[in-house]
Every structure is written in C-alpha cells, then in structure tokens.
Amino acid sequence: MLFILNKTNSIANKYLAELRDEDTQQDRLRFKRNQERLGEILAYEISKKLPYTEVEVQTPLGLANVNLPTEHPVIGTILRAGLPFQQGFMNFFDQSPAAFITAYRKVKRSGDFVIKIDHISTPNLDDTTFILCDTMLATGQSIVEVCKELLATYEIKTLHIAAVIASTEGIEHVRAHLPKANIWVCAVDEEMTTKAYIVPGLGDAGDLAFGEKV
Ligand SMILES: O=P(O)(O)OC[C@H]1O[C@H](OP(=O)(O)OP(=O)(O)O)[C@H](O)[C@@H]1O
Ligand SMILES: O=c1cc[nH]c(=O)[nH]1
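Residues numbered from 1 in each chain as written. Chains lettered and ligands numbered in written order. Predicted model: local features only at pLDDT ≥ 70, side-chain atom pairs only at ≥ 80, totals over all residues. Heavy atoms only, no water.

The protein chain is annotated in an unreviewed UniProt entry as Uracil phosphoribosyltransferase from Mucilaginibacter mali.

Shown next, in the form of structure tokens:
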C-alpha cells in the first residue's frame, strides 16, 4: 500500500511548505522540528495499522476500557539526514527500540553510484513491526539496499517505509524490490536531477539539518 499525506489537506502542508522554502529552511531548528512533526503525524497514521487489544484502566472513579497496541514497532533510520524524522516517530512510539544504519552513495567515475552500508546497529528484528524512516526517498536505492540486508538476517513480520519527500521513480524502485512493504510519504515529486536529487524536493536534507559534509 502507498499512503500520501498531502493528498488530504491538513496543517501538515504548512510543515512541508516550510521544509521546502529556501528561506525558512535556513532556520536549522525549524527545519529539524518540521521533520519531527511530520514524523509524528506519519507515526499516528501507521499506528492505526498495529494490532490492538482491549484492556481495563483503573481511573480514580472507575474502570475504563481502552484499546492499546500490543507491540512497540522498531524505528530505524539511515544516518544522517533521517535523524530528526526518526525522532518524530520516537516521540509518538515512546517505548520503541531504535535501529541506526550508516549508508552512503559511493559515486563512481562514470557519475553512477552504488550504496555502501558501513554499519548496522539494531535490536533483533525477528517477528517485529519495523518502520524504516528516511527523509528523502530519491532513487530508493538506500532504502532497498538497507532492507535487503536486514531481511537477509531477520524475519521481519511487517515492514513500513516512511519518507518526507519521495520521487515517483523511488517509489517504483521500492515497490519492485520490496513488494510487501507498506510505503508512507508526505509528498511525491515527479522529477530528479542528474545527480538524483528530488525536484522540486527540498535540497540536501542532511546538509540543511547538520551542516555541509567535507
Ligand atoms: O533514495 P536514494 O537515492 O538512495 O537517496 C536517499 C538518501 O539520500 C539522503 O541522504 P544523503 O545522501 O543526503 O546523506 P546524509 O544523510 O549523510 O546527508 C537520504 O537521507 C537518503 O538516505
Ligand atoms: O533530493 C535529495 C536526494 C538525496 N538526498 C537529499 O538530501 N536530497
């Protein structure tokens, strides 16, 4: 399934507009906080798909029946751009374990690139609901390579992929290689530059949040 947040008008459009705006995005605090807010909103949407069970809660005046999720999804991200977005998920799934993956684009002489995974730090993902969140889903190669690596080791029960901005091509790439994954994005853009940056996108998410890499 593919869920696109901005298909429905909501206050989330404002956070997304500020992320894209070349002036507003210079405020690093707001840039990170807006990603966090969108992470919170997508976490809320994904929470509707978790399994629930009815429990009784003792209030000072009696018993209340509430449906509670029966599990804490594991929240993973790819360093470093995805960190603020992941924080949003962690704010809502406040008891969830987290996974961190270091991956980068290794550019070849031809200009093409391959994804190199340096390090994976994760709890056991067997029989879990795993949410992999990354701010940008451009070619989709980072997400696909990371998921392939994790799926080779763990029997993940349910896989969710979440991004702030995705390209049409990136979504197709994820669908082709991870057909069972549920995809949750805030917006989909049609184009990419020759260096695989999303257009109009928002620019370089990692640099805007954390500063230019040397
Ligand atoms: O879909 P893809 O084409 O694989 O590209 C997406 C990747 O690009 C961004 O990271 P970036 O390369 O900007 O690195 P950074 O997080 O270290 O800044 C983003 O956070 C993804 O990890
Ligand atoms: O548009 C893009 C693509 C990859 N990484 C980014 O930060 N932005």
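1. Description of the site of ligand 1
With respect to spatial proximity, 15 residues lie near ligand 1, and among them A81, R105, D134, T139 and S142 are the closest. In the environment of ligand 1, an oxygen atom lies 2.9 Å from a nitrogen or oxygen atom belonging to the backbone of A138. T139 is positioned with one of its side-chain polar atoms (N or O) 2.5 Å from an oxygen atom of ligand 1. For ligand 1, whose free accessible area comes to 510 Å², the fraction covered by protein is 89%. When atom positions are compared with the pocket grids, ligand 1 is found to occupy the largest pocket. (Near = heavy atom within 4 Å. Polar contact = N/O pair within 3.5 Å; in protein donor to acceptor, adjacent residues only side chain to side chain. Areas by Shrake-Rupley, 256 points an atom, 1.4 Å probe, with all protein chains shown as cover. 1 Å grid on protein atoms, 1.4 Å probe; cavity = no way out; pocket = protein on both sides within 12 Å on 5 of 7 lines; lining within 4 Å. Sits in = over half its atoms within 2 Å of the grid points.)

2. Observations regarding unusual backbone geometry
Each neighbour pair has its own omega, and for L79 with R80 the value is 5°, a cis peptide bond. With an omega of 0°, the peptide bond between V199 and P200 qualifies as cis. Assignment of secondary structure puts P200 in the loop between β11 (198-199) and α6 (205-210). Positive phi outside glycine occurs at D127, with the angle close to 60°. Looking at the secondary structure, you find D127 in the loop between β6 (113-121) and β7 (129-137). Residue D127 is classed as exposed on the basis of its relative accessible area, which comes to 57%. Not every positive phi belongs to a glycine, and A196 is a case in point at roughly 65°. (Helix = DSSP H or I, 4+ residues; strand = E, 2+ residues; numbered from the N terminus. Buried < 20%, exposed > 50% of the residue type's maximum accessible area, 1.4 Å probe, protein only.)

3. What about the UniProt feature "domain: Phosphoribosyltransferase" (unreviewed entry) in the protein chain?
UniProt feature "domain: Phosphoribosyltransferase" (unreviewed entry): in the numbering of this structure it lies at residues 11-211. Taken end to end, residues 11-211 comprises 34% helix and 36% strand; its first and last C-alpha atoms sit 28 Å apart. (UniProt positions renumbered as here; feature names shortened; annotations may be inferred.)

4. Points about the environment of P84
Relative to the helices and strands, P84 is located in helix α3 (residues 83-92). Note on P84: relative accessible area 7%, which makes it buried. In this structure the C-alpha to C-alpha distance between P84 and D23, which are 61 residues apart in sequence, comes to 19 Å. Setting aside anything within four residues of it in sequence, one finds P84 in contact with K32, Q35, E36 and F210. (Contact = heavy atoms within 4.5 Å.)

5. Side note on the pattern of salt bridges
This structure, assessed with the given rule, holds 9 salt bridges. Among the ionic pairs, D207 bridges to R80, the shortest N-O distance being 2.7 Å. Residue D207 is found in helix α6, and its partner R80 is found in the loop between β4 (74-79) and α3; the two are separated by 127 residues along the sequence. A relative accessible area of 19% means that D207 is categorised as buried. As a salt-bridge pair, E172 and R175 come within 4.0 Å of each other at their nearest N and O atoms. Taken together, the residues span about one helical turn, with E172 and R175 both in helix α5 (residues 168-177) at a distance of 3 residues. E172 sits in the partly exposed class, given a relative accessible area of 44%. Sharing partners across several salt bridges, the network here consists of K14, E18 and R30. (Salt bridge = Lys/Arg side-chain N within 4 Å of Asp/Glu carboxyl O.)

6. Some remarks on the site of ligand 2
The environment of ligand 2 is made up of R105, M136, A138, A196, Y197, I198, G203, D204 and A205. Calculation on ligand 2 without its partners gives an accessible area of 240 Å², and the protein chains cover 88% of this total. Assessed atom by atom at 2 Å from the grid points, ligand 2 resides in the largest pocket. Here the residues of the shell around ligand 2 are counted per class, giving 6 nonpolar, 1 polar and 2 charged. (Nonpolar A, V, L, I, M, F, W, Y, C, P; charged D, E, K, R; others polar.)

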